[in-house]
Amino acid sequence: MLRLTSLFLFSLFSFFDFVSAIGSPDVYPLLEFKSSADSADFLSSWSEATDPCSGSWVGVTCRNARVTRLVLQAMNLTGSIQALTRLDQLRLLSLQHNNLSTTSKPAALDLSGLKNMKLLYLSFNGFSGNFPAGISSLHRLRRLDLSHNRFSGHIPGEELSQLTHLVTLLLEENSFTGPLTNIPAALSDFNVSGNNLVGGIPKVVSFFPVESFLGNQNLCGNPLPVNCSRKPLGSDPLPLSLLGNEHRRPKLTRNLLLLIIVADVLALLMIMALFFFCCYRCAKRAEGPPKKQWQVSSNTGGNRERKRGGIEEEMVFFEGCEGFQRVEDLLRASAEMLGKGVVGTTYKAVMEGGKVVVVKRVRERRNGKEVWPTLREVGRLRHDNVIALRAFYSSKDEMLLVYDFLHSGSLHSLLHGNRGPGRTPLGWTTRLKLAAGAAQGLAFLHDSCQAKMAHGHLTSSNILVDRNWHACISDFGLHLLLPPSSASFSPSKAYKAPELVAGSNNHHSNKVPQKCDVYSFGVILLEMLTGKMPGDGEVDLVKWVRGTVREEWTSEVFDLELLREREMEEEMVGLLQVALLCLAPEPRDRPKMGIVHKMIEEIGARGSSGRRCGGLSSPATYLSSSGSSPVLSDDAAPNRNLF
């Protein structure tokens, strides 16, 4: 009797497990897809006897017993994906680098069933036919990648314009035809190269690099060098009457030829006269009274201060200055403008001996004697993650600051430059290394200056990278050179702490608290994690990330270039937590930069050692154990929904 009872209970539980498994509405679409697309049996873990949400089905992630993520990349899958469009709770579908295709019936892939889809990646497959139907039904769609397929027909701009959340549209290397119309205006990633598009490029996407449009012979307008006012290739041919006259060139008469010769001779004589006049003026100047030479008035601590004539000037050299000895050497050097910032214009200067330096010309500043102590203090600072001030020149009319030149450029250019075909993505390990180096450099600056100065206008553009991929802080303390309430000092609002934005109208001093630097660094961390430029368009990067995290879709904030490193997602989430701590609305709730650096170092150390079994420590827990316990508000405490 006992044996019969046990057998009955076992059968009953097995029946309930079977009913539970087959009762899920997602089982049948998945199994139907497997039977038609998985001829090589890569999806052997997909079994009728198990629940897709049990954790045993490869590539499947669930939430509330429904499939929400399906990632099956480079698995040699073939056939149609139409069965998967019945998974109405899918948020992420990635089928890149397979051999999937569009069946003949229907002629176009129909995606209307994926109403909750946010991230859709179908690149590097064999899909053909028209643009997928039902795309306008995917109201939550953020990223769409159909590149490297065989799609054809027109791009349905009117339907795409209804996707108000769309930020990525990648359609390169297909066979799309027709004009580009009604393209969404909020895109941050866009590529239609390698198609057969015609007509003008819409203004809303004309700011993307030229690589995003190459390979379309009949496309014109910015950023392509083809002017739309000209007839595009493939337009009406020239009349035969004109083609017959193309070799008829006007003959030069004898009088016309003589006139040309006389004009050339006169022009040559004028050039020679101008040349001899310039030589004469230079010789007369050389015969005049000799200039007063530079003289060393003091030499203490390795710095050389000089005065010239009766007008007070100063040229100070700091430790490690090489390649020049006088301000005239700087002015004679070949120079290339690198850009303009809040302080002045920056040049790349090549000295006669080949030494390359960066020279910043300050356009507006305080009196020289007021800023010399600040410059001397900055010039004495030496750290591997800080750009050294090598020399400065100050006179009544101008100020020049000389720094080392780093060939790898800025973090901003590495993150955002040339986003398109041919770009080498900035990998996760490199980004984490740069974040740690920048944090260490900023922590050194905060703790090493007697005046406890802040950077003042920290952005990704003044974090430079050397040949060994070390991040170096530049332009430290330069805001203190400007006059109080100077109109020149206007740091990018996207990086400014809330207290600076709120008090900008009543701000009569250039002194900036160090906790404002911490906030700016938090924005830079978001920039590194998302690949988005702060303040680009109407999207507020900080608000967007907080809102996405609050919706418990943290993985959606990460840069597309990082998706190939999904095994590092736990480290990315850890760095995201650090960023949100730095972005606490109240300054007192933000950690010090020394603590920020330690948290980032811990993320890298745990990741490299492979000890992920227990997960990464929560930054909030780390702060508490380090003796700092900031009050975390709902906006500032990211650890509730991140894991």
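Residues numbered from 1 in each chain as written. Predicted model: local features only at pLDDT ≥ 70, side-chain atom pairs only at ≥ 80, totals over all residues. Heavy atoms only, no water.

Enquirer: Mind showing me how you'd approach the confidence of the model for the chain here?
Expert: Low pLDDT marks regions whose predicted coordinates should not be analysed in detail. For the chain, the mean per-residue pLDDT works out to 76, and 74% of the residues sit at or above 70. Below a pLDDT of 50 lies the segment residues 231-251, which in the model reaches five contacts outside its immediate sequence neighbourhood of four places, other chains included. With pLDDT under 50 throughout, residues 287-311 is counted as low confidence; its partners more than four residues away or in other chains account for 43 contacts. (pLDDT = per-residue confidence, 0-100. Contact = heavy atoms within 4.5 Å.)

Enquirer: Can you walk me through the pattern of salt bridges in this structure?
Expert: Side chains that differ in sign of charge can pair as their charged atoms come close. Inspection of every chain in the model, using the stated rule, returns 11 salt bridges. Between Asp 559 and Arg 431 there is a salt bridge, with its nearest N and O atoms 3.0 Å apart. Of this pair, Asp 559 sits in the loop between α12 (541-550) and α13 (569-582) while Arg 431 sits in helix α9 (residues 428-448), placing them 128 residues apart in sequence. Accessibility assignment for this pair places Asp 559 and Arg 431 in one class, buried. Between Arg 590 and Glu 499 there is a salt bridge whose closest N-O contact spans 2.9 Å. With a gap of 91 residues between them, Arg 590 in the loop between α13 and α14 (593-609) and Glu 499 in helix α10 (residues 498-502) connect regions that are remote in the sequence. Take Arg 590: its relative accessible area is 2%, and that puts it in the buried class. (Salt bridge = Lys/Arg side-chain N within 4 Å of Asp/Glu carboxyl O. Helix = DSSP H or I, 4+ residues; strand = E, 2+ residues; numbered from the N terminus. Buried < 20%, exposed > 50% of the residue type's maximum accessible area, 1.4 Å probe, protein only.)

Enquirer: What is the right way to read α12 from this model?
Expert: Residue pairs three or four apart in sequence face the same way in an α-helix, which turns once every 3.6 residues. The buried fraction of α12 amounts to seven of the 10 residues, a majority that puts the element mostly inside the structure. Among all positions in α12, only Leu 541, Val 542, Trp 544, Val 545, Arg 546, Thr 548 and Val 549 are buried. Measuring from the backbone nitrogen of Val 542 back to the side-chain oxygen at the start of α12 gives 3.1 Å, which picks out Asp 540 as the cap. (Polar contact = N/O pair within 3.5 Å; in protein donor to acceptor, adjacent residues only side chain to side chain.)

Enquirer: Looking at this model, I keep getting lost on the sheet that holds strand β9 (residues 150-154). Mind explaining?
Expert: Working definition: the strands of a sheet are paired by backbone hydrogen bonds and lie parallel or antiparallel to each other. Sheet architecture is open: five strands sit in the order β7-β9-β11-β13-β14, paired in parallel fashion. Of all the strands in the sheet, the pair left with one neighbour each is β7 (128-129) and β14 (218-220). Strand direction decides the pairing type here: strand β13 (residues 196-200) and β14, joined by three bridges, are parallel. From the neighbouring strand, Val 198 faces β14, where its bridge partner is Asn 218. (Pairing = 2+ DSSP bridges.)

Enquirer: What exactly am I supposed to notice about the environment of Leu 331 here?
Expert: Inspection of the secondary structure puts Leu 331 in helix α6 (residues 327-332). Here Leu 331 falls in the exposed class, since its relative accessible area comes to 54%. In this structure the C-alpha to C-alpha distance between Leu 331 and Met 351, which are 20 residues apart in sequence, comes to 9.5 Å.

Enquirer: How should I be thinking about unusual backbone geometry in this particular structure?
Expert: Trans is the prevailing form of peptide bonds, just as negative phi is the prevailing case for residues other than glycine. With an omega of 5°, the peptide bond running from Asn 222 to Pro 223 counts as cis. Its place among the elements puts Pro 223 in the loop between β14 and α4 (240-244). We note that Glu 173 has phi near 55°; this positive angle belongs to a residue other than glycine. Here Glu 173 shows up in the loop between β10 (168-170) and β11 (175-178). Look at Trp 469: it is not a glycine, yet its phi comes out positive at around 60°. Its relative accessible area of 34% is what places Trp 469 among the partly exposed residues.

Enquirer: Before we go on, may I ask you to explain the state of the cysteines in this structure?
Expert: Working definition of a disulfide: a covalent bond connecting the sulfur atoms of two cysteines. Inspection of the entire model under this criterion finds two disulfides. The disulfide partner of Cys 53 is Cys 62, and the S-S distance across this bridge is 2.1 Å. Linking Cys 53 and Cys 62, the disulfide has an S-S dihedral of approximately -80° and is accordingly described as left-handed. With relative accessibility at 25%, the residue Cys 53 sits in the partly exposed group. For Cys 62, a relative accessible area of 25% translates into the label partly exposed. Disulfide pairing is shown between Cys 220 and Cys 228; the S-S distance is 2.2 Å. Judged by the sign of its S-S torsion, about 105°, the bond between Cys 220 and Cys 228 is right-handed. Classification of Cys 228 as partly exposed rests on a relative accessible area of 38%. (Disulfide = S-S within 2.5 Å.)

Enquirer: I tried to follow the nonpolar core on my own but got confused; where do I start?
Expert: Across soluble globular proteins, nonpolar side chains have a tendency to be buried as a group. In this structure, Leu 401, Phe 521, Val 545, Leu 576, Val 596 and Ile 600 are the most contacted members of the largest nonpolar core, which totals 87 residues. In this structure, Val 545 is in contact with Leu 526, Thr 530, Val 557, Leu 576 and Leu 580, ignoring residues within four places of it in sequence. Counting residues in each nonpolar core, the second largest holds 55 residues, with Leu 72, Phe 131, Leu 166 and Val 205 among its members. (Core = buried A, V, L, I, M, F, W, Y, C linked by side-chain atoms within 4.5 Å.)

Enquirer: Just checking my understanding: could you explain the pairing of strand β22 (residues 399-404) for this structure?
Expert: Consecutive side chains along a regular strand alternate between the two faces of the sheet. β22 sits mainly inside the fold: six of its six residues count as buried. Taken together, the six bridges between strand β20 (residues 356-362) and β22 define a ladder with antiparallel strand orientation. Counted as the bridge partner of Val 362 is Met 399 from β22. Hairpin connection between strand β21 (residues 389-394) and β22: a loop of four residues separates the two successive antiparallel strands.

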